[in-house]
Amino acid sequence: MAQPTQAGPRKALLAISMVLGLLVLVVAVVTVRKLAEPPEPQGACVPLEVSVSTEKDEILAEMADRYNAAGRLFADDRCATVTAHGLTSGTSAAALAQGWDAAGTGMPAPQVWLPSTSLWERKISSGGKPSVALKPDSPSLMSSPVVLAMPKPMADVLLAQYPRPGWNDLIQFSKKPWKDYGHPEWGQFVLGRDNPLLSSSGLGASLATYHAAALAVTGRELTEQSVEDPAVEAVVHGVESSVGSYGDDAALYAEKLFEEDQKKEPVPYISAIVLQEQLVHLYNVGVPNADPARLAKVADPDAQDRPTPPNRPLTTIYPKDGTVVFDHPFIVLAGTSGLQRAAAEDFRAFLGEPDQLARFAGAGFRLPVDADGNPAPPTEQLRRSLGVPGDQALTRIETPSPALLDKVVTGWQKTRRTARVLVVLDVSGSMNDLAVPDRPGSPEGKLTKLELLKPAVTKALDLLGDNDQVGLWTFSTGYREVLPMSRVGDVRPQLGQAIAGLTAVGNTDLYNTVNAAQAQMAQSINPDSINAIVLLSDGANHPANPQARADMLGRVNAELNETSVRIYTIPYGADADRTTMVDIADATRAVSYDAQQQPLEIDKVFASAFSNL
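The rules behind these values
Residues numbered from 1 in each chain as written. Predicted model: local features only at pLDDT ≥ 70, side-chain atom pairs only at ≥ 80, totals over all residues. Heavy atoms only, no water. Pairing = 2+ DSSP bridges. Helix = DSSP H or I, 4+ residues; strand = E, 2+ residues; numbered from the N terminus. Contact = heavy atoms within 4.5 Å. Axes fitted to C-alpha atoms, helices over the stretch in contact; angles between N-to-C directions. Buried < 20%, exposed > 50% of the residue type's maximum accessible area, 1.4 Å probe, protein only. Salt bridge = Lys/Arg side-chain N within 4 Å of Asp/Glu carboxyl O. 1 Å grid on protein atoms, 1.4 Å probe; cavity = no way out; pocket = protein on both sides within 12 Å on 5 of 7 lines; lining within 4 Å. Points joined across faces, edges and corners; volume = space filled by probe spheres on them.

J.: What is the right way to read the sheet that holds strand 10 (residues 331–332) from this model?
T.: Sheets are built from strands that pair by backbone hydrogen bonding, the pairs being arranged parallel or antiparallel. Here we have 4 strands laid out as an open sheet, ordered 2-1-3-10, and mixed in their pairing. Two strands close off the open sheet at either side, each with one partner strand: strand 2 (80–86) and strand 10. With 3 bridges joining them, strand 1 (residues 46–52) and strand 3 (residues 112–114) adopt parallel strand pairing. Counted as the bridge partner of Val50 is Val112 from strand 3. Running over the sheet, helix 2 (residues 57–69) touches strand 1, strand 2 and strand 3 and is turned about 170° from strand 2.

J.: What's the story with the pairing of strand 8 (residues 314–317) in this structure? I'm lost.
T.: On a regular strand, each side chain points to the face opposite its neighbour's, so the side chains alternate between the two faces of the sheet. Of the two faces of strand 8, the one holding Leu314 and Thr316 and the one holding Thr315 and Ile317 are both buried throughout. Note: strand 4 (residues 144–151) against strand 8, 4 bridges, orientation antiparallel. Bridge pairing links Ala149 to Thr316 in strand 8.

J.: Before we go on, may I ask you to explain the pattern of salt bridges in this structure?
T.: Pairing is possible between side chains of opposite charge, provided their charged atoms come close. According to the stated counting rule, one finds 28 salt bridges in the structure shown. In this structure, Lys256 engages Asp586 in a salt bridge whose closest nitrogen and oxygen atoms are separated by 3.2 Å. Pair noted here: Lys256 is in helix 11 (residues 250–261) and Asp586 is in helix 22 (residues 578–587), with a separation of 330 residues, a long-range link. A single network of salt bridges, built from pairs that share partners, joins Lys256, Glu259, Glu260, Lys263, Glu265, Asp586 and Arg589.

J.: Explain the layout of surface pockets here, please?
T.: Empty space within the second largest pocket amounts to approximately 1200 Å³. Forming the walls of the second largest pocket are 42 residues, and the residues nearest its centre are Gln188, Val190, Gly244, Arg417 and Ser564. Those elements that place two or more of their residues in the lining of the second largest pocket are helix 10 (230–240), strand 6 (243–247), strand 14 (530–537) and strand 15 (566–571).

Note that every value here comes from positions in space, so none of it alone points to a role or purpose.
Take a look at the structure:
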């Protein structure tokens, strides 16, 4: 009888070994393939929302796209998807201090905040709010001094008299009309600057002027006590008295300035403007909106369609009595999750790499501030566009305490130039139409345009001080004076009642109303105030009359009038005649604020228009 063999078990073991080896190989192949592929689909990446100040939102949005496409990994092989939205630093600071309202801001709540300056963080702290930053000292991404910029022909006249001017020299210079300096064609000296409640440039301008005033009056640095010194207030008021209009967004102000320059009109839009050095660079290279694609062409001599510089480049003046330096901090906000904090740190590291720093330089920024808050030397780009010497020495104003900063902003509200504004509202029958008819069943879908407008106007009027003046007209089939020009402090209750009682009926008599409003304001103009009209309309003139339109635009044209009044226009709703409203604003050297596509944002639009006053 044959002996049994072990061939069967050995074959079985060999088969099992082969199967196990094949499984190991498969696992290894899959593992290698997974390592070679993106770690996770985009939807699984950690979302990171970034709120960015408007002078750098275009370039940050492009960098966010580059970051997202780079396939970077952090924190145990996680990826992040970064989204950047632009919002003025003052607006975002207010939203953060009050608890972010996505509907009110039109932006999702951020985890990272990139304002122009850490002064806003101090401003929030001064209101008794806890710090919004997770770290007491947020790192600086870049830097940019606040400067005084003037059209070159005008700067040449100033510099001939004051070779190294300070803020106080500007005060003395601006007290006289240009005819006293041999240029009667330029009219009065007009200063452009922003509202410090809303804009970083405005905040920096107020801090710088109060600092200079304190030095001139007391011979010492600015303190909480000197802010309230009547002599200091008088000096600051001297600066404010030459302001032609206030803005809420320095980036938009620079774009408007460039737009006016392209018209090649004999009188510059402003005599001087206070804003970041970086924005002057963008203006002088012909890309005031900071479009990354166009900025790339500036440095490429062979590029097609290179940007065209302005007809009148701006000269930058660094006041000898001190300037504010913006540090552009990277602030991770309280309440951000651990994973999002890790994502934020990786994005910050990405922004600090050489490629990104080169793009910041191309947009006019300097390298980050040093440990003491001093700016880096000017870049090669700034030396070319602004003529800044490489060894430039700046007099930097020290960062104020939160309490002092709050005093400065409160002081500005007392010393700013008063406003005299006529509010002209369309109350034609179409204002009874639904504001957003494409949202049936929703709460906002049930509101008419007039119902949305009333609280928006009331809220905007709260931005006026008691010593400002306001008048209220309405128009439909003809126009009506609802409230004559009055001191705001004397008529606040009546204003609220008048607005609440508005009703809509009739057609749109736009052209005749604009003619009459402009004529009345021009005849009663107050040279010591900002005189303006804020005009809202939701439709086209009825009946259509091309000749009447042309005549109206001719009557309000600032170039054809010795006394002109700026008309800030708001086309409202889908049926508004946006072209005519923009033309009215352009003819009067004002701005048109569009509420045509997003009528639900009419409150923000009105606030922006009123920030000029």
